[in-house]
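# Architecture and fold: a report
Here's the letter readout for the chains.
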Amino acid sequence: MNTLRVTGGRVLRPDGRVTESDVTIDRDAGAIVAVGDETASGGGTGGSDAGAGETLDADGGLVIPGLVNAHTHAAMTLLRGYADDKPLDPWLREDIWPAEAELTPDDIETGAELGVLEMIRSGTTAFADMYFAMDRVADVVDRAGLRARLGHGVVTVGKDDRDARADVEESLRVARELDGAADGRVRTAFMPHSLTTVGEEFLREGVAAAREAGVPVHLHANETADEVDPIVEERGERPIAYAEDLDALGPDDFFAHGVHVDDSEIGRLADAGTAVVHCPASNMKLASGMAPVQRLRDAGVTVALGTDGAASNNDLDVFDEMRDAAMLGKLAADDASAVPAEAVVEMATAGGAEALGLPGGRIEPGAAADLAVVDLDAPHLTPVHDPVSHLAYAARGSDVRHTVCDGEVLMRDREVLTLDADAVQERAAEAASDLVDRVEE
Ligand SMILES: N[C@@H](CCSC[C@H]1O[C@@H](n2cnc3c(=O)[nH]cnc32)[C@H](O)[C@@H]1O)C(=O)O
Ligand SMILES: [Zn+2]
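Remember, predicted model here, so these are calculated numbers, not experimental data. (Residues numbered from 1 in each chain as written. Chains lettered and ligands numbered in written order. Predicted model: local features only at pLDDT ≥ 70, side-chain atom pairs only at ≥ 80, totals over all residues. Heavy atoms only, no water.)

## Here we look at the site of ligand 1
Applied cut-off: What makes a residue near a molecule or strand is one non-hydrogen atom of that residue sitting within 4 Å of it. The definition of a polar contact used here is a pair of N or O atoms within 3.5 Å, where within protein one atom must be able to donate a hydrogen and the other to accept one, and adjacent residues in sequence count solely through side-chain atom pairs. All accessible-area figures derive from a Shrake-Rupley calculation using a 1.4 Å probe, and residue coverage is judged against the displayed protein chains alone. Counting from the N terminus, the helices are the DSSP runs of H or I reaching at least four residues and the strands are the DSSP runs of E reaching at least two.
Lining the immediate environment of ligand 1, one finds 21 residues, of which Glu100, Gly153, His193, Glu223 and Asp308 sit closest. Between an oxygen atom of ligand 1 and a side-chain N or O atom of Trp97, the distance comes to 3.1 Å. Within the side chain of Glu223, one N or O atom sits 2.7 Å away from a nitrogen atom of ligand 1. Contact with the protein chains hides 92% of the accessible area of ligand 1, taken as 560 Å² for the molecule alone. Secondary structure elements with two or more residues in the shell around ligand 1: helix 1 (88-100), strand 10 (124-131) and strand 11 (147-154).

This is the structure in structure tokens:
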């Protein structure tokens, strides 16, 4: 067996326990075969081929499932810090969409590379991406070695019928053609931007085609009050009821935000098994509101975490998202015991994998070998009363020492092996500066 052993660390187990165990990975299968003495068959042969294959030193570290960034727009790293301090609608219309109109496929590849570099550096091994030029994004995922659920974002408002239809078709093409790319590490979804930026007939047709193709639906839902009100006024029903009416509320579907959801909508999400991707930093920065995360979880809704794009965050660090989710969840519930540390860690790992329908999220025999090793030897992580508390409240992306996805080492000792970090940063800075010049012309 072509093995990779992660040795000397403490391991965060699916039940929340932390044990001192080595993790043995079958690199060819991309799977964890043993955690300590525990193997998939329950036998005690985990240590049998010690010495063979490659080793990752996790001494003084905590081995965690690779983090899942369940909603982002990776190439928006090029717009990081370009337009801040505005609410969603004017931010999109006045700043972001005009800049995005100038983006070339090369820019998107460059921006996605920067985003993926940042994610690997901070221990993220899987993400969901809604953007355009998605063939380029799939190439980046292929080269960089992580996993993703990708989709072309559809907007039909302000477009004539032909352009609107072409946008829907492109999203369906991406969903059909890219599914299974990068040796199966790329999966896809049909991704209408939201229930207000895509017209009803396009939503109906697109969702029906997505069902036929067997791909899930991902969209922004109930993000701001300004987005909910027009739906209620026009249709006399709330957005999640509208989504259900569109057949867009299935067990494999996942919606970003879910900030302004009432009890009836929470019940519908729970009954349907549709996941919500909570994006606390984006919701705070755009003053969109506070998602009822504890109530969603209490109702049995799968909740994952997302950074959203780098223009509304302004980074792609899921550690920040865990901390923000715990903090904001307490404020929203007016209860310091709401959304505790173990809940946000679950949301960033197993919850994310479940929402995206991707392997990973658990360190146990038989699971996908997607993991990160967090270095606990730092002043801001001393002492270690509770490693789970540190993950939620004190650790940062820069504390990640190694990142592994599908059995392959993507970062060793803080050096990303699959991308040339300096070249990626240089190209991105140049592409961003050229982009702004074109927008200002
Ligand atoms: N094909 C579409 C592109 C849609 S991609 C997805 C879009 O979501 C935008 N976006 C980023 N963050 C948010 C958010 O928080 N809410 C809503 N939209 C966002 C992003 O800028 C991008 O335009 C077109 O022709 O414009
Ligand atoms: Zn978004």
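## Remarks on the coordination of the zinc ion (ligand 2)
In an ideal tetrahedron of four donors about a metal, each angle is 109.5 degrees. In an ideal octahedron of six donors, the angles are 90 or 180 degrees. For clarity, the threshold we go by: The donor definition counts N, O and S atoms within 2.8 Å of each metal and applies 3.2 Å to Na, K and Ca; water is not among these atoms, so some sites may look incomplete. Think of it in three bands: with a 1.4 Å probe and only protein chains considered, a residue is buried below 20% of the maximum accessible area for its type, exposed above 50%, and partly exposed in between.
Looking at the zinc ion (ligand 2), one finds its protein donor set to be His71 (NE2), His73 (NE2), His220 (NE2) and Asp308 (OD), positioned 2.1 to 2.2 Å from the metal centre. Counting the intervening residues between successive donors of the zinc ion (ligand 2) yields the motif H-x1-H-x146-H-x87-D. Placement of the pair is His71 in strand 9 (residues 67-72) and Asp308 in the loop between strand 17 (303-305) and helix 11 (318-333), with a sequence separation of 237 residues. For Asp308, a relative accessible area of 5% translates into the label buried.

## What about the UniProt feature "domain: Amidohydrolase-related" (unreviewed entry) in the chain?
To keep it simple, the criterion reads: UniProt positions are given in the numbering used here, feature names are shortened, and annotations may be inferred rather than shown by experiment.
Those places that UniProt annotates as "domain: Amidohydrolase-related" (unreviewed entry) correspond, in this numbering, to residues 62-409. Secondary structure within residues 62-409 divides into 43% helix and 17% strand; the distance between the first and last C-alpha atoms comes to 16 Å.

## Some details on the packing of helix 2 (residues 105-121) against helix 15 (residues 421-440)
Rule in force here: Convention adopted: a line fitted to C-alpha atoms gives each axis, helices being fitted over their contacting stretch, and angles between N-to-C directions are expressed from 0 to 180 degrees. Our angle categories are set so that under 35 degrees counts as roughly parallel, over 145 as roughly antiparallel, 65 to 115 as roughly perpendicular, and the remainder as oblique. The hand of a helix crossing depends on one turn: near helix anticlockwise from the far one by less than a right angle means left-handed, and clockwise means right-handed. Here, two residues are considered to be in contact whenever any of their heavy atoms come within 4.5 Å of each other. Residues were grouped as follows: Ala, Val, Leu, Ile, Met, Phe, Trp, Tyr, Cys and Pro as nonpolar; Asp, Glu, Lys and Arg as charged; and all remaining residues, including Gly, as polar.
For the pair helix 2 and helix 15, the least separation of the axes is 9 Å and the interaxial angle reads 135°. When the interaxial angle is binned, helix 2 and helix 15 end up oblique. Handedness of the helix 2/helix 15 crossing: left-handed. Contact with helix 2, carried on its side by Asp107, Thr110, Glu113, Leu114 and Leu117, involves Ala421, Val424, Gln425, Arg427, Ala428, Ala431 and Arg438 of helix 15 and no other residues of that element. Tallied by class, the residues present in the contact of helix 2 with helix 15 amount to six nonpolar, two polar and four charged.

## A short note on the UniProt feature "binding site: Zn(2+)" (unreviewed entry) in the chain
In this numbering, the UniProt entry assigns the feature "binding site: Zn(2+)" (unreviewed entry) to His71, His73, His220 and Asp308. What stands out for the annotated residues spanning 238 residues is how close their C-alpha atoms remain, the widest pair being 11.9 Å apart. Structurally, His73 can be placed in the loop between strand 9 and helix 1. Setting aside its immediate chain neighbours within four residues, His73 contacts Asp129, Met130, Tyr131, His220, Asp308 and Gly309.

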